[in-house]
Amino acid sequence: MSSPTITRFAPSPTGYIHVGNLRTALMNYLIARKAGGTFILRIDDTDPERSKEEYVDGIKEDLTWLGLHWDRVERQSERLEKYNAAADKLREMGRFYEAFETPTELDLKRKKQLNMGKPPVYDRAALNLSDAEKDALRAERGDGVWRFKLDNQRTEWVDGILGDISIDSSSVSDPVLIRGDGQILYTLASVVDDTEMGVTHVVRGSDHVTNTATQIQIMEALGGENVPSFAHHSLLTGPQGEALSKRLGTLALRDLRAQGVHPFALLSLMARLGSSDPVELRTDMESLIEGFDIGHFGSAPTKFDVKDLFPLTGRYLQTLSAADVADKIESLGVPADKAAQFWAVTHENIETLHDLDGWWAMFRDGAEPVIEDADRAFVAQAMAMLPEMPFDENTWSQWTAAVKEATGRKGRGLFRPLRLALTGQESGPEMAAVMPLLQTVRARQG
Ligand code: GLU
């Protein structure tokens, strides 16, 4: 029997989730759910200075809003002993060494190598230090950093998205896994967690490909029984292919939520964007899970346009009833007996629920009338014939019939100026349905 599928989403709580890391979260979630497996939320908080509790809460809030429920939470800050035990093991095997170069010294080394046309890879000078030299350096500079000694071979894996990958580890510096102040770095913590938690599939951004080569080597050094399958999704770009990394901060899920984007618009888009499957609005998680296949994703950068989320949200809203959005309608101050009618008239004419604000303001306060010069006398005559409020669903037909009779106008010449005068708009919902909602007619005054 194959082992049960276990995936994890591993954000560092140094910021809120944005569309870029949502993709990572969603892919890992969908893989776990499709296989009936486990989805772990792993908080990568080994950096005490940059990790903030408010972001941990924020990440959970955003995932909950999306409906991406996790089976359990793991926190790296609570697992430091395990990482230190793994570090000891690496030391015992001679795969871990202390190095004392200052950042300036490292920088100088890199520059020299580049000048000589060589790749700027750490030269392992620290491997040649005697114990006495290390003691002297430690006394002078404090504890050193700990580097993992890479095996200078190619590291290979079949990537779930990128296909065959082969990384020449001699072009990669021995990674620092523990800082001079004892802080465990992500790479070591991640390797220990993925192994001990039995993670079977890791999906993350393609900026992690080199990390993966390093992590596979560390996993193998530590025993290597549970090396997961890796898949690296392409990075998101803006609609013109421009880098999105700097703008991701403005594409935080909470900002999109505040703009009225619906979770299913985001989920429907992000679960398919960059794959050979079409983006279609899904209104339930089951069908998103059902249709998901990581193998359908390509390696080319994925274009993302935030604007696409609005029509998708609009289409989702069209599937709702007035009862589904009762709270929102009530909050606008729409009288209870008009709520269903208000929704019937507006729901196909909005992209987000925020658009209802404008619609209700228009019904309540009346629209700024639009009256073309040629229609001025006609509109004045029609307004004089408009019955007193409240209007009902017959008001429009009775009134326009009477106006037609009195003025001889018909068709577009009759209806268009009246709609423009009452709503300020060329087109929109059926006027018969609009009339009973109108609380004010500003065109009546002038
Ligand atoms: N905390 C890491 C990050 O956010 C996790 C990467 C991984 O999935 O291993 O980049």
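On a predicted model such as this, the values are computed, not experimentally measured, just so you know.

What follows covers the packing of aromatic side chains. Following the criterion strictly, the structure yields 12 aromatic pairs and no others. Geometrically, the ring pair formed by Phe264 and Tyr316 is stacked, given 5.9 Å between the ring centres and 15 degrees between the ring planes. One end of the pair, Phe264, is in helix H9 (residues 263-270); the other, Tyr316, is in helix H11 (residues 309-318), with 52 residues separating them in the sequence. Grouping residues by exposure puts Phe264 and Tyr316 together as buried. Relative to Phe363, the ring of Trp359 has its centre 6.0 Å away and its plane inclined at 35 degrees; by these criteria the two rings are tilted. Here Trp359 pairs with Phe363, and both are found in helix H14 (residues 355-365), just 4 residues apart, close to one helical turn. Across this residue pair, the class does not change: Trp359 and Phe363 are buried. Among the aromatic residues, ring-to-ring pairing joins Phe342, Trp359, Trp360 and Phe363 into one connected group. Taking the ring centre of Tyr122 as reference, the NZ or CZ of Arg147 above it sits at 3.8 Å.

One pass over the full model with this rule turns up 33 salt bridges. Here Arg33 and Asp71 are joined by a salt bridge, their closest N and O atoms 3.2 Å apart. With Arg33 in helix H1 (residues 19-34) and Asp71 in the loop between helix H2 (53-66) and strand E3 (72-75), this residue pair connects regions lying 38 residues apart in the sequence. Connected through salt bridges with shared partners, the residues Arg8, Arg42, Asp44, Arg79, Asp193, Asp194 and Glu196 form a single ionic network.

Turning to helix H15 (residues 376-385), a few remarks are in order. Taken together, the buried positions of H15 are occupied by Phe378, Val379, Ala382 and Met383. Buried residues along H15 cover an arc of 130 degrees about the axis, so they all sit on one side. Across from the buried face of H15, at angles greater than 90 degrees, the exposed residues are Ala377 and Ala384. Elements in contact with the buried residues of H15: helix H16 (395-407) and helix H17 (411-423).

Moving on to the site of the ligand. All residues in the neighbourhood of the ligand are listed as Arg8, Ala10, Ser12, Asp44, Tyr186, Ser190, Arg204 and His208. Within the backbone of Ala10, a nitrogen or oxygen atom sits 2.8 Å from a nitrogen atom of the ligand. Within the complex, the protein chains bury 79% of what would otherwise be the 300 Å² of accessible surface of the ligand. Among the residues forming the shell around the ligand, the class breakdown is 2 nonpolar, 3 polar and 3 charged.

Turning next to unusual backbone geometry. The residue after Met389, namely Pro390, is reached through a cis peptide bond having omega 0 degrees. With respect to the helices and strands, the residue Pro390 is situated in the loop between H15 and H16. Of note in this structure, Arg124 is not a glycine but carries a positive phi near 65 degrees. Mapping Arg124 onto the fold places it in the loop between helix H4 (103-115) and helix H5 (131-141). For Arg124, a relative accessible area of 18% puts it in the buried group.

Conventions used here
- Residues numbered from 1 in each chain as written.
- Predicted model: local features only at pLDDT ≥ 70, side-chain atom pairs only at ≥ 80, totals over all residues.
- Heavy atoms only, no water.
- Phe/Tyr/Trp six-rings, centres within 6.5 Å; stacked < 30°, edge-to-face > 60°.
- Helix = DSSP H or I, 4+ residues; strand = E, 2+ residues; numbered from the N terminus.
- Buried < 20%, exposed > 50% of the residue type's maximum accessible area, 1.4 Å probe, protein only.
- Lys NZ or Arg CZ within 6 Å of the ring centre and 35° of its normal.
- Salt bridge = Lys/Arg side-chain N within 4 Å of Asp/Glu carboxyl O.
- Arc of directions from axis to C-beta.
- Contact = heavy atoms within 4.5 Å.
- Near = heavy atom within 4 Å.
- Polar contact = N/O pair within 3.5 Å; in protein donor to acceptor, adjacent residues only side chain to side chain.
- Areas by Shrake-Rupley, 256 points an atom, 1.4 Å probe, with all protein chains shown as cover.
- Nonpolar A, V, L, I, M, F, W, Y, C, P; charged D, E, K, R; others polar.

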